[in-house]
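# Summary of the model geometry
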Amino acid sequence: MIYLDNSATTKPFPEVIDSFVTVATDYFANPSSLHELGMKAERLLAQARQQIAAMLRVKPNEIIFTSGGTEANNVAIKGVAWQYRRRGRHIITTEIEHPSVAEPCRQLEELGFEVTYLPVDRDGRVSAEQVERALRDDTILVSIMHVNNEVGTVQPIEEIGALLARYPKTLFHVDRVQGIGKVPLDLKQAGVDLCTLSAHKFHGLRGAGVLYVREGVRLMPLIAGGGQEMRLRSGTENVAAIVAMAKALRLAMERYEREIGRLKALKEEWLTALSAIPEIEINTPRHGAAPHIINFSLKRGMKPEVFVHELAKGGIYVSTTSACSSKKKAPSKTLLAMGLGEGRAERGIRISLSFDNTSEEIAPVLAAMKQAIKTLSEVTGSHGDEV
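Here the structure is a predicted model, which means the values were calculated and not measured.

### Looking at the overall build of the protein
Of the regular secondary structure elements, the protein holds 11 helices and 12 strands. Its C-alpha radius of gyration of 22 Å places the protein within 12% of the 21 Å reference for a compact globule of 387 residues. Seen through its principal axes, the protein has C-alpha atoms that stretch 70 × 50 × 35 Å. Scored against the burial criterion, the 387 residues of the protein give a buried share of 57%. Restricting the contact set of the protein to residue pairs at least 6 apart, pairs at least 24 apart contribute 73%. As displayed, the protein has an accessible area near 16500 Å², and 52% of this comes from carbon and sulfur atoms. Seen as two clouds, the 48 positive and the 46 negative side-chain charges of the protein have centres 2 Å apart.

### Regarding the environment of Val80
Mapping Val80 onto the fold places it in helix 3 (residues 69–83). Residue classification places Val80 among the buried residues on the basis of a relative accessible area of 0%. Taking the C-alpha atoms as reference points, Val80 and Ile282, 202 residues apart in sequence, are found 38 Å from one another. Each residue touching Val80, except ones within four places of it in the same chain, is listed here: Val75, Arg85, Ile140, Leu141, Leu171, Leu194 and Leu219.

### Notes on helix 8 (residues 304–312)
All buried positions along helix 8 are accounted for by Pro304, Phe307, Val308 and Leu311. Down the axis of helix 8, the sector holding all buried residues measures 100°, keeping them to one side.

### What about the sheet that holds strand 8 (residues 209–213)?
Across a sheet, strands are paired by hydrogen bonds formed along the backbone, either parallel or antiparallel in direction. As summarised here, the arrangement of the seven strands in space is 2-8-7-6-5-3-4, forming an open sheet in which the pairing is mixed. Where the open sheet ends on each side, the last strands, each with one partner, are strand 2 (63–66) and strand 4 (114–118). Along the sheet, successive strands turn relative to each other by an average axial angle of 20°, direction set aside. Across the face of the sheet, helix 4 (residues 99–110) comes into contact with strand 3 (90–94), strand 4, strand 5 (139–143) and strand 6 (171–175) while running at roughly 145° to strand 4.

### A look at the nonpolar core
Residues Ile52, Phe65, Val131, Phe172, Phe202 and Met245 are the most contacted members of the largest nonpolar core, which totals 60 residues. Each residue touching Phe65, except ones within four places of it in the same chain, is listed here: Leu45, Ala48, Arg49, Ile52, Gly209, Val210, Glu229, Arg233, Ile242 and Met245.

### Some details on the environment of Arg347
Secondary-structure assignment places Arg347 in the loop between helix 10 (341–346) and strand 12 (348–352). Here Arg347 falls in the buried class, since its relative accessible area comes to 10%. Once the C-alpha coordinates of Arg347 and Asp123 are considered, the two residues, 224 residues apart in sequence, prove to be 18 Å apart. Setting aside residues up to four positions removed in sequence, Arg347 forms contacts with Phe296, Ser297, Leu298, Lys299, Arg300, Gly301, Met302 and Pro304. A distance of 3.3 Å separates the side chain of Arg347 from the backbone oxygen of Lys299, its partner in a polar contact.

### Details of the sheet that holds strand 9 (residues 280–282)
Taking strand neighbours across the sheet as the criterion, the three strands line up as 9-10-12 in an open arrangement whose pairing is antiparallel. A strand with exactly one partner marks an edge of an open sheet, and here the two such strands are strand 9 and strand 12. Across the sheet, the axes of successive neighbouring strands diverge by a mean angle of 35°, strand direction being ignored. One ladder, built from five bridges, connects strand 10 (residues 293–298) with strand 12; its direction is antiparallel. Within strand 12, the position partnered with Ile294 by the bridge is Ile351. In the packing of helix 7 (residues 239–275) onto the sheet, contacts are made with strand 9, strand 10 and strand 12, and the angle to strand 10 comes to roughly 10°. Those strands touched by helix 8 are strand 10 and strand 12, and its axis lies near 40° from that of strand 12.

### So, helix 2 (residues 36–56)
Its 21 residues place the ends of helix 2 30 Å apart at the C-alpha level, agreeing with the 30 Å of an ideal helix rising 1.5 Å per residue. For helix 2, the set of buried residues is Gly38, Ala41, Leu44, Leu45, Ala48, Arg49, Ile52, Ala53 and Leu56. Down the axis, helix 2 shows its buried residues gathered within 165° of arc, on one side only. In this structure, the buried residues of helix 2 make contact with helix 1 (14–26), strand 2, strand 7 (194–198), strand 8 and helix 7. Looking at the residues trailing helix 2, positive phi occurs at Arg57, about 60°.

### A short note on unusual backbone geometry
Although it is not a glycine, Glu229 sits at a positive phi angle of roughly 55°. Its location among the elements puts Glu229 in the loop between strand 8 and helix 7. With phi around 55°, Met230 is a residue other than glycine that occupies positive phi space. Counting through the fold element by element, Met230 comes out in the loop between strand 8 and helix 7.

Cut-off values and rules
Residues numbered from 1 in each chain as written. Predicted model: local features only at pLDDT ≥ 70, side-chain atom pairs only at ≥ 80, totals over all residues. Heavy atoms only, no water. Helix = DSSP H or I, 4+ residues; strand = E, 2+ residues; numbered from the N terminus. Rg over C-alpha atoms; globule rule 2.2 N^0.38 Å. Buried < 20%, exposed > 50% of the residue type's maximum accessible area, 1.4 Å probe, protein only. Contact = heavy atoms within 4.5 Å. Areas by Shrake-Rupley, 256 points an atom, 1.4 Å probe, with all protein chains shown as cover. Lys, Arg positive; Asp, Glu negative; His and termini not counted. Charge placed at Lys NZ, Arg CZ, Asp CG, Glu CD. Arc of directions from axis to C-beta. Pairing = 2+ DSSP bridges. Axes fitted to C-alpha atoms, helices over the stretch in contact; angles between N-to-C directions. Core = buried A, V, L, I, M, F, W, Y, C linked by side-chain atoms within 4.5 Å. Polar contact = N/O pair within 3.5 Å; in protein donor to acceptor, adjacent residues only side chain to side chain. Expected span 1.5 Å × (residues − 1).

Below, the structure is given as C-alpha cells:
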C-alpha cells in the first residue's frame, strides 16, 4: 500500500494508539467526578492541556478541547458572531475556505450577518491589502486558513495579523488544520485570536481537536450543559483521545524538526516527476506552498474519481478535492477561485504526503498513473467523454 491522502487523514502513530488504549482502559472515569479515579482522569486532562499549550507557546487556559476541526471552526465563527453581534455583523473570509468555515458563514448570512468572500490570485493567495480594503467599522471577525487543504498555498497570516493589530475590535481566526506540524506559525507573534487544530491531521485519532482562544476573547457557547472546557464547550471530555492528541502533536513536531528538509525535497521530486507526464497539469504553486500537498489536473475526458479508483486497485491512495467534498463530484472551488477554469477544476487530483512517505514510492506510483491514463484514454477515445 502507498498512502498519499494524508491531508484527508493520517495514520495514527503506534505510540498514540497505545496511549489511547491505556487511558481508556485504566483512566476511564469522568474527569468531572469527585472520586479518586475521576480526579486522576482530570489530572491527565490538565496535563494534556499544559503540554499542548507549551508546544503552541500559549497559556493552558487558552486551550479548548473539541471533537475536531469542524466543531472548533464552528465554535470560533459562530461564537464570535453571537458574542459580538451588537458591535457589528460583518465577517471577512476567503473564497477558498474549508466547508467547516464556509458553511457557518453561509448560515450566518441567512441570520442577517454580512460576509465578504475575498478572491484569491492565480496561486490561491489573498493579501493583507485585500483584507484592509474589505475592513469596515462593523467588521467583527476575519477568518483565513493557514494552509489551503486542496493546493497547499500558505496564506500571509503574519502580515494579516500585523494589519489587524491596528483594528482591536476585529478578531482574527485561523484554521490551522493543514498547517500544524508542516508549516511553522507563532500564534502570539502573528496576532491570532482564535486557531483551530484537528488531531487526525497529525497522526492522532479522529474525535479530538483544539480551539485556541486568546485570553480576553469571549465566545458565546454553541453547546450548553455542564460547563466543561471553561464553559465554552459542554460535554464530557474524551480524555483518552485528548491525551493521545497531546502525544501525537509532540511526536509530529519532533519529526518536523528532524525531517522537514527531507519532506521538502520529496515534494520537489514529486513535482519534477509529475511535470514530465504530458497529460498532467500542476495546480499547486511552486513557491509559497506547504511541503506536503500537490494538486494537479488530468487532461480532458478523464474523470478524477475513475482515476482515483483505478489507482486504488493497485493499493495506491490519492484523492480528488478535500475529503469533506470529494463525494459531491462538483468542481473544486479552490481551483475555480484561482482562475484555472472549470475543466481543470473538475479534473483535480491531490497527493498529500506525510513524513512516512519516501522517494522509493514515486516510481511505482508514476507507473500506475501512466497505466491508468493509458487505460482511461483508450476508453475515452472509443466512447467519447464517457470516462
